[in-house]
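One-letter residues, chain by chain:
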Amino acid sequence: MKNKFLLEMRNRGYLNQCTDLKKLGDICDKKTISGYIGFDCTASSLHVGSLLKIMILKLMQKHGHRPIILLGGGTTLIGDPSGKDETRKILDDAIIHNNLRGIKQVILKFIKFDDSSNGAIMVNNSDWLDDIKYIDFLRNYGRHFSVNRMLSFDSVKTRLDREQNLSFLEFNYMITQAYDYYYLNKKFNCNVQFGGSDQWGNIVNGIELIKKASASNNTNVHAITSPLITSSNGQKMGKTASGAVWLSERYLSAFDFWQFWRNTTDYDVIKFLKLFTEIDLKEIEKLQKLQGEELNEAKVLLAN
């Protein structure tokens, strides 16, 4: 793999799966690509668990590509069953709108929005999902989905295997997410969707919908997933004993945020420097030689 963007993605630890790495690399070498990541509006801020997504968007922009940030004003009304043991709490429009506003403020701190070739675009999927005529939608797009296959995806299969309730509303989530990719591909020529490893099936659904429903039979669409990031003690990123590590000072002070990173274990500090900072990889490699108390310097660097 020679493409600088994908190479840095891999070397920093962002790359888990990709539909066709070589083909995507060839496309990235020839032109600016547009790739999107979705954020559902389940809270009025993002937490550290979402920081990896933001770092991928920043890396795209650094290498001259255009990030598309999708805020799930529409899909949040359904609720993503991926990685959840039970149905999410149903949120009303007013709460979702407030959450969307808070998430937008977080993202504006990290990503550049302007009219340049790699200036980011922010969209809200309620702009197109709210106006869908349900019967027309099922006829035009629902017919491209196999229920047999949908039942095999982890987000559904896990619930069924555990005999936990999966509502028909949630079952529709993967179809609406697939339609988001189809819509963004059609409107913005978006050809990559990024997501966590638990989103692989949902993203592949979107690729298949684009191929089946697009008049052009577009094959230049790809999926890239990132690994689930946990600390050395197995704890999911973004969660601590005292609660979520928010990316907003409304919920967490700058000092407490700094302290969270300063308290990183010796085992995790180099990995987190690669994942959550823009420090050059060659500089991070030098820090790998540090041992014992010297690693505190790396932790302070990470926190700063």
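All figures in this text were calculated on a predicted structure; none of them were measured in a lab.

Peer 1: Can you explain empty space enclosed by the protein? Please cite residues and give values.
Peer 2: Evaluation of the coordinates by the stated rule reveals one cavity of 30 Å³ or more. Considered as a void within the structure, the largest cavity measures approximately 60 Å³ in volume. Lining the largest cavity are Glu8, Arg12, Tyr14, Met55, Lys58, Leu59, Lys62, Thr277 and Glu278. Mapped by element, the contributors of at least two residues to the lining of the largest cavity are helix 1 (4-12) and helix 3 (51-62). At four residues, helix 3 tops the list of elements feeding residues into the lining of the largest cavity. For the lining of the largest cavity, the residue count by class is three nonpolar, one polar and five charged.

Peer 1: With reference to specific residues and values, describe the pairing of strand 6 (residues 222-226).
Peer 2: With five of its five residues buried, strand 6 lies for the most part within the structure. Covered by surrounding structure in strand 6 are His222, Ile224 and Ser226 together with Ala223 and Thr225, the residues of both alternating faces. With two bridges joining them, strand 1 (residues 17-18) and strand 6 adopt antiparallel strand pairing. When the bridges of strand 6 are listed, Cys18 appears paired with Ile224. One ladder, built from five bridges, connects strand 5 (residues 192-196) with strand 6; its direction is parallel. Residue pairing across strands places Gln193 opposite Ala223, the latter belonging to strand 6.

Peer 1: Break down the sheet that holds strand 6 for me, with residues and values.
Peer 2: As summarised here, the arrangement of the six strands in space is 1-6-5-2-3-4, forming an open sheet in which the pairing is mixed. If you trace the sheet from one side to the other, it starts and ends with strand 1 and strand 4 (121-124), each paired once. With seven bridges connecting them, strand 2 (residues 34-40) and strand 3 (residues 66-72) associate as parallel partners. Bridge assignment links Phe39 to a residue of strand 3, and that residue is Leu71. In the packing of helix 2 (residues 21-30) onto the sheet, the strands contacted are strand 1, strand 5 and strand 6, and the crossing angle to strand 6 comes to about 105°. Contacts from helix 11 (residues 200-213) reach strand 1, strand 5 and strand 6 within the one sheet, and its direction differs from that of strand 6 by about 170°.

Peer 1: Can you break down the packing of aromatic side chains residue by residue, with the values?
Peer 2: The final tally for this structure, using the stated rule, is 14 aromatic pairs. Here the aromatic rings of Phe257 and Trp261 are separated by 6.2 Å at their centres, their planes lie at 75°, and the arrangement is edge-to-face. Of the two residues, Phe257 and Trp261 both sit in helix 12 (residues 254-262), four residues apart, roughly one turn of that helix. On the basis of relative accessibility, which here comes to 25%, the residue Phe257 falls in the partly exposed class. Seen in terms of ring centroids, Trp261 and Phe272 are 6.0 Å apart; in terms of plane orientation they differ by 85°. Their pairing is edge-to-face. Placement of the pair is Trp261 in helix 12 and Phe272 in helix 13 (residues 269-276), with a sequence separation of eleven residues. Accessibility classification places Trp261 together with Phe272 in one group, the buried group. The aromatic ring of Phe39 is capped on one face by Lys53, whose charged end is 5.1 Å from the ring centroid. For Lys187, the ring lying beneath its charged end belongs to Phe188, and the centroid distance is 5.7 Å.

Peer 1: Lay out the environment of Ile224 with the relevant residues and their values.
Peer 2: Looking at the element boundaries, Ile224 is found in strand 6. Overall, the relative accessible area of 1% leaves Ile224 in the buried class. Along the sequence, Ile224 and Glu297 sit 73 residues apart, while their C-alpha atoms lie 33 Å from each other.

Peer 1: Give me the lowdown on the pattern of salt bridges, citing residues and values where you can.
Peer 2: Across all of its chains, the model carries nine salt bridges by this definition. Across the pair Arg149 and Glu208 runs a salt bridge whose closest N-O atoms are separated by 2.9 Å. You can see Arg149 sitting in helix 7 (residues 147-150) and its partner Glu208 sitting in helix 11, a full 59 residues away along the chain. Residue Arg149 is classed as partly exposed on the basis of its relative accessible area of 34%. The shortest N-O distance in the salt bridge between Asp268 and Lys271 comes to 3.9 Å. A cluster of three or more residues bridged by salt bridges with shared partners is formed by Glu8, Arg12 and Lys62.

Peer 1: Describe the nonpolar core, with residues and values.
Peer 2: One finds Phe5, Met9, Phe39, Phe194, Ile224, Trp261 and Phe276 to be the most contacted residues of the largest nonpolar core, which totals 57 residues. Not counting residues within four places of it along the chain, the set of residues in contact with Phe39 comprises Leu46, Ser50, Lys53, Ile54, Leu57, Ile69, Leu70, Leu71, Gly72 and Ile107.

Peer 1: An account of the side chain of Glu170 is needed here, citing residue identities and associated values.
Peer 2: Mapped onto the elements, Glu170 comes out in helix 9 (residues 168-171). Judged by its relative accessible area of 1%, Glu170 is buried. Within polar-contact distance, the side chain of Glu170 engages the backbone nitrogen of Ser167 at 3.1 Å.

About the criteria used
Residues numbered from 1 in each chain as written. Predicted model: local features only at pLDDT ≥ 70, side-chain atom pairs only at ≥ 80, totals over all residues. Heavy atoms only, no water. 1 Å grid on protein atoms, 1.4 Å probe; cavity = no way out; pocket = protein on both sides within 12 Å on 5 of 7 lines; lining within 4 Å. Points joined across faces, edges and corners; volume = space filled by probe spheres on them. Helix = DSSP H or I, 4+ residues; strand = E, 2+ residues; numbered from the N terminus. Nonpolar A, V, L, I, M, F, W, Y, C, P; charged D, E, K, R; others polar. Buried < 20%, exposed > 50% of the residue type's maximum accessible area, 1.4 Å probe, protein only. Pairing = 2+ DSSP bridges. Contact = heavy atoms within 4.5 Å. Axes fitted to C-alpha atoms, helices over the stretch in contact; angles between N-to-C directions. Phe/Tyr/Trp six-rings, centres within 6.5 Å; stacked < 30°, edge-to-face > 60°. Lys NZ or Arg CZ within 6 Å of the ring centre and 35° of its normal. Salt bridge = Lys/Arg side-chain N within 4 Å of Asp/Glu carboxyl O. Core = buried A, V, L, I, M, F, W, Y, C linked by side-chain atoms within 4.5 Å. Polar contact = N/O pair within 3.5 Å; in protein donor to acceptor, adjacent residues only side chain to side chain.

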